[in-house]
Amino acid sequence: MEEKVTNVLLSGVGGQGTILASDILCSVFHEVGYDVKKSEVHGMAQRGGDVTTHFRFGKKVYSPLIKYGDVDFLISFELLEGLRYINWLKKDGKVLLNDQETLPPAVTRGTMKYPEGVVKTFRKYFKKNTFVIDGLNIAIRCGDARAVNIVTLGAFSNFFDIKEEVWEKNLLEHLPEKVHSLNSNAFREGKKAI
Amino acid sequence: MEKILQGNYAIARGAWEAGLKVACAYPGTPSSEILFAISSQYKNDIQAEWAPNEKVALEVAIGASFTGARSLACMKHVGLNVASDPFMTVAYTGVKGGLVIVVADDPYAHSSQNEQDSRHWARFGKVPMIEPSDSQECKDFTKLSYDLSEQFDTPVLLRTETRISHSFSPVSFDDRRESIIPIGLDLKDAPKYTMVPIYVRMRRVVVEDRMKKLEAFADEFKHNVMEINDPKIGVITSGVSYNYTKEVFPNYSYLKLGMVWPLPKKLIREFFSKVKKVIIVEELDPFLETEIRAMGYKIFHGKDVLPGFYEFSPEIVEKSIKGKGYKPPKERINPEEFPKRPPNLCSGCSHRPLFYALKKLGVFVFGDIGCYTLAAAPPLNAVHSTVCMGAGVGGAFGAMKALGKEGLGKVCSVIGDSTFLHGGIAPLMDIVYNKGNATTLILDNRTTGMTGLQEHPGTGFTISGETTNQIDIETLVRALGVKHVRKIDPYHITKAMEVIKEEIERDEPSVIITVNGPCMLHRREKRKFEHAYYEIDTENCRGCKMCLDIGCPAISWREVGDDEATTKDGHKRKGVVSINRIQCPGCGVCQQICKFEAIVPGKA
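Along every chain, residues carry numbers that run from 1 in the direction the sequence is written. Chains carry letters and ligands carry numbers; both start at the beginning, A for chains and 1 for ligands, and go up in the order they are written. Local features in a predicted model are, by the rule used here, given only for residues with pLDDT of at least 70; side-chain atom pairs are given and counted only at 80 or more, and totals for whole chains, interfaces and linings are based on all residues.

## Brief notes about the overall build of chain A
Looking only at helices and strands, chain A features eight helices and six strands. Taken from N to C terminus, the helices and strands of chain A fall in the order β-α-β-β-β-α-β-α-α-β-α-α-α-α. Both definitions apply: the radius of gyration is a C-alpha atom measure, and the globule rule equals 2.2 Å times residues to the power 0.38. Since a compact globule built from 194 residues should have a radius of gyration of about 16 Å, the 16 Å found for chain A is in line with a globular shape. Considered along the principal axes of its C-alpha atoms, chain A spans approximately 50 × 40 × 35 Å. Labels follow the DSSP assignment, with helices taken as runs of H or I lasting at least four residues and strands as runs of E lasting at least two, numbered in each case from the N terminus.

And the structure:
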């Protein structure tokens, strides 16, 4: 196993399933033999704020937090929340964006504007390493808008040589049985999306 | 077996494996999950209970320990302030069954009213303190804390920080081993447990002797670990700071302390003899640094370069130690320009109309600890002080004492149901006893909301969901001697304002309790609203933004073009409002505020 630790930053807004997605990542990479650490960075409980998790895997992981500027993969479930962490990415880092906007309070109150051209900004700095999916519509097609996080994980799985069975098994372990087939499907559709 | 566990869950696991019998806590971020994990996973072996506050939690754990049972009390850093009275004296009595007190610090005050460093309690109370650096250590250290507690006849403090309590990493599991100490009370133990002066003086000597023994033990403690790599620089550190430093300076030598009090003086001397220069990396106060300087050593770097406040991170450690040699990554854009997402009261929350009413009345609100601190933020701006649990009630009384009759109609205190039972009863008694005239508003949302919906003595349910005796807040308040007790529906703004105005102007103690306003996230209790949701009649909406004053996350405003620049009846407008149907629970608060009948019930 290579010594290098890989850093994955996940960001989104409360309710998008950021934490569940990072829990699944933790289980998958642990199962295939890596040391893993995960840390959730969010403010007061779950009150509509932004949610970020730091997920790291490698032979031996020390810090539960990623060093600023050291992110290998940025996964964002929401455009602004992705843009907020653009400086955290390494020069050759990869970004996976779910093309969805959730307006923050300053925008809905009409005092600030939602940033324009988020995807364009990422393409400017990360060209071929910018991957965009329409996670919401894929999730809706699969039967539930809440499966955006699983669709995104499906897309993310393309970056690694880990068997689909391992992903699927760990995915389902974190979800209630009645939504198993929906989420398996969401994962596979996500995998096809990039 | 190995599983990925949150630090708090690993502590619960460690306590269970150690044969824990009785666990008590009052919820507080970042410690709340420990007791929940115990009650949900190990309830057949462990009695887990929410106590009304941390002082009671510790006292219950102490009583259990005196019988020989292994016991646990968990709290956040400020919780130990509340529990400090029994804590300082149980340090003298010692224990029979192992007693571990988990105290979870919150550097950067992610969810706290201050940033205090709990290590001082260990030195102050003369008890050992253990500090894990990941989930595996959370489990292992909790377990060994019980042996330590019994071996040295002392309570043991287990200190975590937010980043340890709330991080996840792999943990290997072992089986539970029951304690070998037989359970029972012995009347002859009285001199050990009765801290009257004659026995205090006896135990005082025992405490001193114990500290000496613990100091010697610290030198042999296998989790005080020396790693000699590059001998030019050695780092003395503990907890999560070790991980941050090891991450950015893997080649330095390390003395990682698993026990941060008392310090292993021999081991520290040895470390100084093996490395050229020593850097001390610790979050918050210069605790290790002060002690090690007092041993007569020169420190190469400590708080001269590392911050003495806020939370650390790998780059803060790297930047501080490298100084001018640190090259920051290139900034692509300035994220400070983007709109933020501050936490907010949920849509439909019963606190929102109540604080809107208080804002309209223009009163100075002595707030408390809980979700209602969110009403301090714009646009509500309706909380004007927050100190600690229960402080609002006493604070409003003190202000009224100072203001005299001038204060009538201008002041009130606001406290939650769980918080009132935690720390609000004694100050309310004070108002009655000392002929005060302050008004206390108890916002009863039927749960401990902010920390994640824990039960409390007023809910009628225990931590495991069993029904139990329920403290009725109105009866309690009347028993304290409050004659004017009013109940209000927080969702009826005008009526609520009338009642509040009457009571704050009254020259006698009064209490107002909100009814039928359960937390929106409550699983058991739900407020039934008249309509499923509300929507905007865009023909009437003048875009005046009045409804935005309540800060509801479901309501948004947008600019309109020329084609929409007037209302149906010809009023000019710059924008219109819309309500997000998915987020709107139909509480109707915005409808009461709109002057132009532009907010109407949605068609079901």
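## As for the overall build of chain B
Secondary structure assignment for chain B yields 20 helices and 22 strands. Relative to the 2.2 N^0.38 estimate, which gives 25 Å for 604 residues, the radius of gyration of chain B is 28 Å and therefore close to what a compact globule would have. Principal axes of the C-alpha set define a box for chain B whose edges measure 85 × 65 × 50 Å. Counting all 604 residues of chain B, 52% fall into the buried class. With C-beta atoms placed from the backbone, a residue counts as buried when 20 or more other C-beta atoms lie within 10 Å of its own, as exposed when 12 or fewer do, and as partly exposed for counts between those limits.

## Focus: the sheet that holds strand β3 (residues 47-50) of chain B
Residue and element names in this part refer to chain B. Across the sheet, which stays open at both edges, the seven strands sit in the order β3-β2-β4-β5-β7-β6-β12 with mixed pairing between neighbours. Edge positions in the sheet fall to β3 and β12 (259-261), since each has one partner strand and no second. Both strand β2 (residues 22-25) and β3 contribute to a ladder of four bridges, which runs parallel. When the bridges of β3 are listed, A23 appears paired with A48. Across the sheet, helix α3 (residues 54-66) touches β2, β4 (71-76) and β5 (99-105), and the angle it forms with β4 is around 165 degrees. Strand pairing requires that DSSP identify at least two bridges connecting the strands. Throughout, a pair of residues is in contact if the C-beta atoms placed from their backbones lie within 7 Å. Between N-to-C directions, angles cover 0 to 180 degrees, with each direction set by a line fitted to C-alpha atoms, over the stretch in contact for helices.

## Concerning the sheet that holds strand β13 (residues 277-281) of chain B
Residue and element names in this part refer to chain B. Across the sheet, which stays open at both edges, the four strands sit in the order β9-β11-β10-β13 with mixed pairing between neighbours. What marks the edges here is a single partner per strand, and that holds for β9 (225-227) and β13. When strand polarity is set aside, the average angle formed by the axes of neighbouring strands in this sheet is 15 degrees. As paired elements, strand β10 (residues 230-238) and β13 share five bridges and run parallel to each other. If you follow G234 over to β13, its bridge partner there is V278.

## Let's talk about the interface of chain B and chain A
Contacts between the two partners involve 41 residues from chain B and, on the opposite side, 41 residues from chain A. Of all the elements in the fold, those that place two or more residues in the side of chain B that touches chain A are β8 (167-172), α11 (239-248), α14 (314-322) and β20 (555-559) of chain B. No other element matches the six residues that α11(B) contributes to the side of chain B that touches chain A. Polar here means any residue other than Ala, Val, Leu, Ile, Met, Phe, Trp, Tyr, Cys and Pro, which are nonpolar, and Asp, Glu, Lys and Arg, which are charged; Gly is therefore polar. Classifying every residue of the side of chain B that touches chain A gives 21 nonpolar, eleven polar and nine charged.

## Comments concerning helix α19 (residues 493-505) of chain B
All names here are of chain B. Compared with the 18 Å implied by 1.5 Å per residue over 13 residues, the 18 Å span of α19 between its first and last C-alpha is a close match. The complete set of buried residues in α19 reads I493, A496, I500, E503 and I504. End-on, the buried residues of α19 take up no more than an arc of 100 degrees, which puts them together on one face. Residues of α19 that are buried sit in contact with α15 (351-361), β15 (411-416), β16 (439-443), β17 (484-488), β18 (510-514) and α20 (589-593). To estimate the expected span of a helix, count its residues, drop one, and scale the result by 1.5 Å. Within this analysis, the arc is defined by the directions that extend from the helix axis to the C-beta atoms.

## Comments concerning the packing of α3(B) against helix α5 (residues 84-93) of chain B
All names here are of chain B. Where α3 contacts α5, the two axes come as close as 8 Å, and the packing angle between them is 30 degrees. Here α3 is positioned roughly parallel relative to α5, judged by the angle of their axes. Between α3 and α5, the contacting residues are K55, L58, E59 and I62 on the first element and D85, P86, F87 and V90 on the second. Each residue belonging to the contact of α3 with α5 can be placed in one class, and the counts come to five nonpolar, no polar and three charged. The labels follow the angle: roughly parallel below 35 degrees, roughly antiparallel above 145, roughly perpendicular from 65 to 115, and oblique for the rest.

## Overview of the nonpolar core
Residue and element names in this part refer to chain B. Within the largest apolar cluster, 150 residues are counted, with the highest numbers of intra-cluster contacts made by A23, A25, A57, A61 and A73. Among the elements that line this core, the one with the most residues is α3, at seven residues. When residues of this core are assigned to domains, at least three fall in each of domain 1 (2-220) and domain 2 (226-325). Each residue touching A25, except ones within four places of it in the same chain, is listed here: I34, L35, W50, A51, A57, A73, C74 and M75. Residues of type Ala, Val, Leu, Ile, Met, Phe, Trp, Tyr and Cys that are buried and joined through C-beta atoms within 7 Å form what is called a nonpolar core. The next biggest cluster of nonpolar side chains, apart from the first, holds 65 residues, and it includes I473, I512, C552 and V576. Source of the domain bounds: an automatic or database domain assignment.

## Some thoughts on unusual backbone geometry
Residues and elements named next belong to chain B. Residue P262 follows W261 across a cis peptide bond; omega there is -10 degrees. Summarising the element assignment, P262 is placed in the loop between β12 and α12 (265-274). Residues other than glycine seldom take positive phi values, yet K126 does so here, at roughly 60 degrees. Mapping K126 onto the fold places it in the loop between α6 (119-125) and β6 (129-130). A residue is classified by how many C-beta atoms lie within 10 Å of it, and K126, with 18 of them, is partly exposed.

## Points about helix α17 (residues 417-433) of chain B
Every α-helix winds through 3.6 residues per turn, so residues three or four apart in the chain are directed the same way. Residues and elements named next belong to chain B. To get the bend at any residue, fit one axis to the seven residues that end at it and another to the seven that begin at it, then take the angle between the two axes. At G424, α17 shows its maximal bend, which comes to roughly 65 degrees, and the proline P427 appears one to four places after that position. Considered for burial, the residues of α17 that qualify are D417, S418, T419, F420, L421, H422, G423, G424, P427, L428 and I431. Contacts from the buried residues of α17 go to α16 (391-403), β15, β16 and α18 (473-479). One or two positions beyond α17, positive phi appears at K435, with a value near 55 degrees.

## Quick look at the packing of α16(B) against α17(B)
Residue and element names in this part refer to chain B. Across the interface, α16 lies against α17 with an axial gap of 7 Å and an inter-helix angle of 20 degrees. Considering the angle they form, α16 stands roughly parallel to α17. For the element pair α16 and α17, the recorded crossing hand is left-handed. Of the residues in α17, those in contact with V393, G394 and F397 of α16 are G424, P427, L428, D430 and I431. Among the residues making up the contact of α16 with α17, the classes are represented as five nonpolar, two polar and one charged. A clockwise turn of the near helix away from the far one marks a right-handed crossing, whereas an anticlockwise turn of less than a right angle marks a left-handed crossing.

## A look at the confidence of the model for chain B
Per-residue confidence for chain B gives a mean pLDDT of 97; residues scoring 70 or more make up 100%. ipTM for the predicted complex: 0.96, alongside a pTM of 0.97. Residue-level confidence of the predictor is summarised by pLDDT, bounded by 0 at the bottom and 100 at the top.

## Topic: the environment of B:K3
Residues and elements named next belong to chain B. By secondary structure assignment, the location of K3 is in strand β1 (residues 2-6). Between the alpha carbons of K3 and V95 there is a distance of 32 Å; along the sequence they are 92 residues apart. The residues contacting K3, other than those within four sequence positions of it, are V171 and F173.

## A word on the environment of B:T447
Residue and element names in this part refer to chain B. Here T447 lies in the loop between β16 and α18. For T447, a count of 25 C-beta atoms within 10 Å gives the class buried. Separated by twelve residues in the primary sequence, T447 and T459 place their C-alpha atoms 6.6 Å from one another. Setting aside residues no more than four positions away along its own chain, T447 makes contact with L453, Q454, T459, C519 and H522.

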